[in-house]
Amino acid sequence: MKEIKVGLCGLGTVGTGVVNLLKNHKEEIKHKLGCEIVIKKVLVNNLHKQRDIAIDREWLTNNPDELVNNPDIDVIVEVMGGIEDTNLLLEQAVKNKKHIVTANKDLMAVHGQRLLRLAKENHCDIFYDASVAGGIPILRSLSDGLASDRIQKIMGIVNGTTNYILTKMTDEKLPFEPVLKEAQELGFAEADPTSDVEGLDAARKMTLLANLAFKMEIGLDDVEVSGISEISQEDITFANSLGYTIKLIGIASINRGKVEVSVEPTLLPHDHPLAQVKNEYNAVYVYGEAVGETMFYGPGAGSMPTATAVVSDLMEVIKNIRLGISGNSYISPQYETQLKQNTEKYTKYFIRMAVDDEAGTFQKITNVFSDQQVSFAKILQLPSNEKETAEIVMVTHQISKQQLLSSIENLYGLSVVNKIISYYRVDGEE
């Protein structure tokens, strides 16, 4: 086998990076594989668009059939995005016995398990390492490097946009809106940033990580999601005074066969490794029963980091083709999906509220928490900017999510409580 022919879907930021990488690293890749990778066709929307890359115009097509139904093409590399139409395209490609490499976390979070099963039935590979954390090989590490271990918990920063925004808010004491606008101008955030700032992008990535780590089928609907748009400069200041940094953290954990997956603003101790991850960088912390704690850090997006992961997956597909072992990479879920209930989800919480500044207020509030058997590790009480009002900031000891929600509900029943301003998860402490 002298060459492997590839159909590339998409020639945007990542697609351009893939073409450049295959061109600039051609000899090294050929040496490692023993064969050459040849781009046969590139699927684009606009055939006449001016591009930042010199490319053979004969490669370009706007007809998907020229890729998925082309008998000469061995592998489809999908970096164009989209969910439903892209899923139909990849399904047809797999039925035509073509292998798939994709960077599409949206597609894999929604249709991934079914696509993987279809690929196995057709003796094809699907690799998608580039769909989570760009150039960080976290999926490959879970499926290969840590395959012998039992993963107990994954927590990480898997969205560079929100990490950039929170870094600027924390370090430069800027409010959310102008930082978001700056992130959009720099290209870190989309014109519609909802998927990033409300946590959906991170949730899709955590779905993929949880599936691999816990060997059970976790759906996007199984992930509890909240974003960063409500985080205020006051929240950040109070957290800092208590020794914490606020990050948007994806968390997946398993205990006694039951799983919890969430994406939410989380307070981490200043000295926690994830608290030190700044700007658009990503990092994933993995707790294994045997290996202990490991952390994977690097650029979470961008043309060349993501393209590196895509081409590495492509090389893995080609190795399997040459060895005659294609279609064996997918392993069916080992365990039935069991999700934790709120009574089984334990962590610490940061709670901030505005209350009447009068005698007896604090006693009434502590009675509510005592009724739910909630105790506190840290408490701050400060005068508010509003007359006859004070702010109370608390960090609980370990409590269940149900204890938190019941306490919040009962606090709203107190006349002395004007507002529950915010409450966030606290994690990463011994």
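These numbers come from a predicted model, not from an experiment.

Q: How would you explain a nonpolar patch on the surface if you had to name every residue and give the values?
A: Residues Tyr281, Met295 and Tyr297 make up a contiguous nonpolar surface patch of roughly 280 Å² in combined accessible area. Among the secondary structure elements, Tyr297 is positioned in strand β12 (residues 292-299). A relative accessible area of 47% places Tyr297 in the partly exposed class.

Q: Residue-level account of the pattern of salt bridges, with values.
A: Counted according to the given criterion, the structure contains 25 salt bridges. A salt bridge links Glu224 to Lys345, with the shortest nitrogen-to-oxygen separation between them at 2.1 Å. Here Lys345 lies in the loop between α12 (303-323) and β13 (346-356) and Glu224 lies in strand β8 (residues 224-225), a separation of 121 residues in the sequence. Residue Lys345 is classed as buried on the basis of its relative accessible area of 11%. Through salt bridges with shared partners, a single network forms among Lys153, Glu260, Glu264, Lys340, Arg425 and Asp427.

Q: Give a detailed account of the sheet that holds strand β5 (residues 99-102), specifying residues and quantitative values.
A: Strand order in the open sheet made by the six strands is β3-β2-β1-β4-β5-β6, with parallel pairing throughout. Among the strands making up the open sheet, the edge pair consists of β3 (60-61) and β6 (126-127). The sheet strands contacting α12 are β1 (3-9), β2 (36-43), β4 (75-78), β5 and β6, and the helix crosses β5 at an angle near 165°.

Q: Before we move on, can you summarise empty space enclosed by the protein with the specific residues and values?
A: The gaps left among the atoms become clear once a water-sized probe is rolled over them. According to the stated counting rule, one finds two cavities of 30 Å³ or more in the structure shown. Broken down by secondary-structure element, the contributors of at least two residues to the lining of the largest cavity are β10 (258-269) and β13. The residue inventory of the lining of the largest cavity, partitioned by class, reads two nonpolar, two polar and six charged. Reported here for the second largest cavity is a volume of approximately 40 Å³. In terms of lining residues, the second largest cavity is bounded by Leu22, Lys26, Ile29, Lys30, Cys35, Glu36 and Ile37. Broken down by element, the lining of the second largest cavity gets its largest block of residues, three residues, from helix α2 (residues 26-33).

Q: Report on the layout of surface pockets, specifying residues and quantitative values.
A: Considered as a void within the structure, the largest pocket measures approximately 1100 Å³ in volume. In terms of lining, the largest pocket is formed by 38 residues, of which the most central are Lys105, Glu190, Asp201, Ala301 and Gly302. Among the residues making up the lining of the largest pocket, the classes are represented as 13 nonpolar, 16 polar and nine charged. When its volume is computed, the second largest pocket comes out at roughly 740 Å³. Taken together, 31 residues make up the lining of the second largest pocket; nearest its centre are Ser143, Leu212, Ser329, Tyr330 and Ile331. Mapped by element, the contributors of at least two residues to the lining of the second largest pocket are α5 (105-121), β6, α6 (138-145), α10 (200-214) and α12.

Q: Tell me about the packing of aromatic side chains, residues and numbers included.
A: Counted by the stated rule, this structure contains four aromatic pairs. Centroid distance Phe350 to Tyr424: 6.1 Å. Interplanar angle 15°. Geometry classified as stacked. Here Phe350, found in strand β13, pairs with Tyr424, found in strand β17 (residues 417-426); they are 74 residues apart in sequence, far enough to count as distant. Among the residues examined, Phe350 registers a relative accessible area of 0% and is labelled buried. The class for Tyr424 is buried, based on a relative accessible area of 8%. Between the aromatic rings of Phe369 and Phe376, the centroid separation amounts to 4.8 Å while the plane-to-plane angle is 90°, which identifies the pairing as edge-to-face. With respect to class, Phe369 is no different from Phe376; both count as buried.

Q: So, the domain arrangement of the chain: which residues are in play, and what are the values?
A: Taken domain by domain, the chain holds domain 1 (3-134 + 303-323), domain 2 (138-299) and domain 3 (344-426). For domain 2 and domain 3, the distance between their C-alpha centroids amounts to 25 Å. Listed as interface residues are 19 residues of domain 2 and, on the opposing side, 15 residues of domain 3. Of all residues in domain 2, the largest losses of buried area upon contact with domain 3 belong to Phe238, Leu242 and Leu267, amounting jointly to 38% of the total for that side. Taken together, the connections running from domain 2 to domain 3 amount to six salt bridges.

Q: Can you lay out the pairing of β5 for me, pointing to particular residues and giving the numbers?
A: Both faces of β5 are covered, namely the face carrying His99 and Val101 and the face carrying Ile100 and Thr102. Both β4 and β5 contribute to a ladder of four bridges, which runs parallel. Residue pairing across strands places Val77 opposite Val101, the latter belonging to β5. Regarding the hand of the β-α-β motif, the stretch spanning β4, helix α4 (residues 84-95) and β5 is right-handed. As paired elements, β5 and β6 share two bridges and run parallel to each other. Bridge assignment links Ile100 to a residue of β6, and that residue is Ile126. Taken together, β5, α5 and β6 constitute a β-α-β crossover, and its handedness is right-handed.

Cut-offs used in this document
- Residues numbered from 1 in each chain as written.
- Predicted model: local features only at pLDDT ≥ 70, side-chain atom pairs only at ≥ 80, totals over all residues.
- Heavy atoms only, no water.
- Patch = residues over 30% accessible without salt bridge, like charges linked within 9 Å, V, L, I, M, F, W, Y side chains within 5 Å.
- Areas by Shrake-Rupley, 256 points an atom, 1.4 Å probe, with all protein chains shown as cover.
- Salt bridge = Lys/Arg side-chain N within 4 Å of Asp/Glu carboxyl O.
- Helix = DSSP H or I, 4+ residues; strand = E, 2+ residues; numbered from the N terminus.
- Buried < 20%, exposed > 50% of the residue type's maximum accessible area, 1.4 Å probe, protein only.
- Pairing = 2+ DSSP bridges.
- Contact = heavy atoms within 4.5 Å.
- Axes fitted to C-alpha atoms, helices over the stretch in contact; angles between N-to-C directions.
- 1 Å grid on protein atoms, 1.4 Å probe; cavity = no way out; pocket = protein on both sides within 12 Å on 5 of 7 lines; lining within 4 Å.
- Points joined across faces, edges and corners; volume = space filled by probe spheres on them.
- Nonpolar A, V, L, I, M, F, W, Y, C, P; charged D, E, K, R; others polar.
- Phe/Tyr/Trp six-rings, centres within 6.5 Å; stacked < 30°, edge-to-face > 60°.
- Domains from an automatic or database assignment.
- Buried area = accessible area lost by both parts, 1.4 Å probe.
- Right-handed = clockwise from strand over helix to strand, strands pointing away.

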